[in-house]
Amino acid sequence: MDRAKLFSLSQYPLPQHLISRLIGRVAACTNPWVKNTFIERFIKAYGVNMNEALEENPRAYACFNDFFTRALKADARPIGEGLVSPADGVLSQFGNIDHGTLVQAKGQAFSLTQLLGGSEERAAPFRNGRFATVYLSPKDYHRVHMPVAGRLVEMAYVPGRLFSVNEATAKHVPGLFARNERLVCIFETEHGPMAMVLVGAMIVAAIKTVWSGQVTPLSGDVETTRFDQLIELAHGAEMGRFQLGSTVVMCFPDSVEFDDALTPGQKVSMGQSLGMRPSATAPAPAPAEAEEHATETAQDSPTTDEK
């Protein structure tokens, strides 16, 4: 048995949520010796470039989580044209959604409907559309941004396991991204609907959004929140972040096309154009405000349904 498969199988019996909570406590610790040791060893191990960070001094961060989700200097990630990468990382897979099926890895596929929380209605606009998966690498920037401008329509928390989402696990755990805990965000854009799925993983302490803060599930069921008031995010604006890294899966209608030069496994940076040139399929939303405006307008009164 190869090491990748053995690593994947070893995760099944682990108390994944307990391990993640324990790591989360360490990552939130503000003790100077603990957080400085953790941060400095991480920088050395992964070769983190602190020159592009807004705060370059590693010891200035209150805890490891603050360091890991650090802001960058204004010019560190220019926003390209068209649809752009939502995060730093690896473009692990992209292409067509064939009759509601997405490619996870060579020889592995998973269900669009299950990915989006089991709702056929939510999945319908994307059944024969396009998708792209970005795996966030540890050394890079870990905030997640908008590939295009959009208006938030719906958010669904989907409970699940917390398998690692690295390449080895993606090859050997069937339906990985549709099994792990995840947050599904549906936006309306000038190119039609867009789904952004923030997939949790082993040792990911929390998922946050700019409109609701940390997502804290109330039960073990799918929890859907619909937004009636205006929450708009500009092209390239921050929409969320992982406290420790994971994966973003984006789904689009069939009006988008990828650049032929893209290849699975290539490194991408947040804001880098993915070469998509979508044709408008829906009326453009009202002009998006800055990220701060999006956060302010998030003080709405959404309705929450448990399914």
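Cut-offs and rules
Residues numbered from 1 in each chain as written. Predicted model: local features only at pLDDT ≥ 70, side-chain atom pairs only at ≥ 80, totals over all residues. Heavy atoms only, no water. Buried < 20%, exposed > 50% of the residue type's maximum accessible area, 1.4 Å probe, protein only. Helix = DSSP H or I, 4+ residues; strand = E, 2+ residues; numbered from the N terminus. Pairing = 2+ DSSP bridges. Core = buried A, V, L, I, M, F, W, Y, C linked by side-chain atoms within 4.5 Å. Contact = heavy atoms within 4.5 Å. Phe/Tyr/Trp six-rings, centres within 6.5 Å; stacked < 30°, edge-to-face > 60°. Polar contact = N/O pair within 3.5 Å; in protein donor to acceptor, adjacent residues only side chain to side chain. pLDDT = per-residue confidence, 0-100. Salt bridge = Lys/Arg side-chain N within 4 Å of Asp/Glu carboxyl O. Expected span 1.5 Å × (residues − 1). Arc of directions from axis to C-beta.

J.: Explain the pairing of strand β7 (residues 150–158) to me, please; I cannot follow it from the model alone.
T.: For a regular strand, side-chain orientation follows a simple rule: the groups alternate between the two sheet faces. In terms of burial, β7 is a largely internal element, seven of the nine residues being buried. Two elements, β7 and strand β8 (residues 182–189), share seven bridges in a ladder whose sense is antiparallel. Its bridge partner lying in β8, Y157 is registered against L183. The sheet contact formed by β7 and strand β12 (residues 223–226) spans four bridges and is antiparallel. Looking at β12, one finds that E154 is bridged to R226.

J.: Hey, could you run me through the sheet that holds strand β6 (residues 143–145) in this one?
T.: Paired through backbone hydrogen bonds, the strands of a sheet run either parallel or antiparallel to each other. Spatially, β6-β14-β10-β11 is the arrangement adopted by the four strands of the open sheet, whose pairing is antiparallel. Where the open sheet ends on each side, the last strands, each with one partner, are β6 and β11 (213–214).

J.: How should I be thinking about the nonpolar core in this particular structure?
T.: If you look at soluble globular proteins, the nonpolar side chains tend to sit buried side by side. By size, the foremost hydrophobic cluster in this structure holds 36 residues, and its most contacted members are L183, C185, F187, M196, W211 and M239. Those elements giving two or more residues to this core turn out to be β2 (89–96), β5 (130–135), β7, β8, β9 (192–199), β14 (238–243) and β15 (247–252). Those residues within four positions of M239 in sequence are excluded, and the remaining contacts are V144, H145, M146, C185, F187, M196, L198, K208, T209, V210, W211 and L233. Core analysis: the second largest hydrophobic core is formed by 28 residues, L102, L112, V158 and V165 among them.

J.: Got a minute to help me understand the packing of aromatic side chains in this structure?
T.: Working definition: an aromatic ring pair is given by the centre-to-centre distance plus the angle between the planes. Summed over the entire model, instances satisfying the criterion amount to eleven aromatic pairs. Ring centres 5.9 Å apart and planes at 80 degrees place the aromatic pair F42 and F67 in the edge-to-face group. Here the residue F42 occupies a position in helix α3 (residues 32–46), and F67 occupies one in helix α4 (residues 64–68), the gap between them amounting to 25 residues. Given the relative accessible area of 0%, F67 is considered buried.

J.: For this particular structure, what's the right way to read the side chain of D140?
T.: You can see D140 is positioned in the loop between β5 and β6. Here K267 takes part through its side chain, which lies 2.9 Å from a polar atom of the side chain of D140. If sequence neighbours within four positions are ignored, D140 has contacts with R70, D88, G89 and K267.

J.: Before we go on, may I ask you to explain the environment of A156 in this structure?
T.: Summarising the element assignment, A156 is placed in strand β7. For A156, a relative accessible area of 0% gives the class buried. Linking A156 and C185, residues 29 residues apart in sequence, is a C-alpha distance of 6.6 Å. For A156, the residues in contact, after removing those within four places along its chain, are R122, R182, L183, V184, E223 and T224.

J.: It is not clear to me how the confidence of the model for the protein chain should be interpreted in this structure. Could you clarify?
T.: Low pLDDT marks stretches whose predicted atomic positions should not be read closely. Across the protein chain, pLDDT averages 83, with 82% of residues at or above 70. This model gives residues 278–307 a pLDDT under 50, and the stretch forms 64 contacts once residues within four places in sequence are excluded.

J.: Even after reading the chapter, I still don't get the pairing of β9, so can you show me in this structure?
T.: Of all eight residues making up β9, eight are buried, and the element is well covered by its neighbours. Where β8 lies against β9, eight bridges are found, and the strand directions are antiparallel. Of the residues in β9, the one forming a bridge with T189 is G192. Linking two consecutive strands that pair antiparallel, namely β8 and β9, is a turn of two residues.

J.: When you look at the pattern of salt bridges in this model, what are you seeing that I'm missing?
T.: Two side chains carrying opposite charge are able to pair once their charged atoms lie near each other. In total, this model carries twelve salt bridges according to the counting rule given. Between R130 and E257 there is a salt bridge; the shortest N-O distance is 3.0 Å. With R130 in strand β5 and E257 in the loop between β15 and β16 (266–268), this residue pair connects regions lying 127 residues apart in the sequence. Taking relative accessible area as the criterion, E257 reaches 43% and is therefore assigned partly exposed. One salt-bridge network, held together by shared partners, links E52, R77 and D88.

J.: Please clarify how unusual backbone geometry should be interpreted in this entry.
T.: Residues apart from glycine generally show negative phi values, whereas peptide bonds are mostly found in trans. Unlike most non-glycine residues, H99 shows phi in positive territory, near 50 degrees. By the element assignment, H99 lies in the loop between β2 and β3 (101–105). Overall, H99 belongs to the exposed group, its relative accessible area being 63%.

J.: Which parts of the structure should I look at to understand α3?
T.: Three- or four-residue spacings in an α-helix give side chains the same orientation, since the helix completes a turn every 3.6 residues. With 15 residues, α3 extends 21 Å from end C-alpha to end C-alpha; this agrees with the ideal 21 Å at 1.5 Å per step. Turning to α3, its buried residues number three or more, namely K35, N36, I39, F42 and I43. An end-on view of α3 places all buried positions within 135 degrees of arc, on one side of the element. Facing away from the buried surface of α3 by more than 90 degrees, the exposed residues are W33, R41, K44 and A45.

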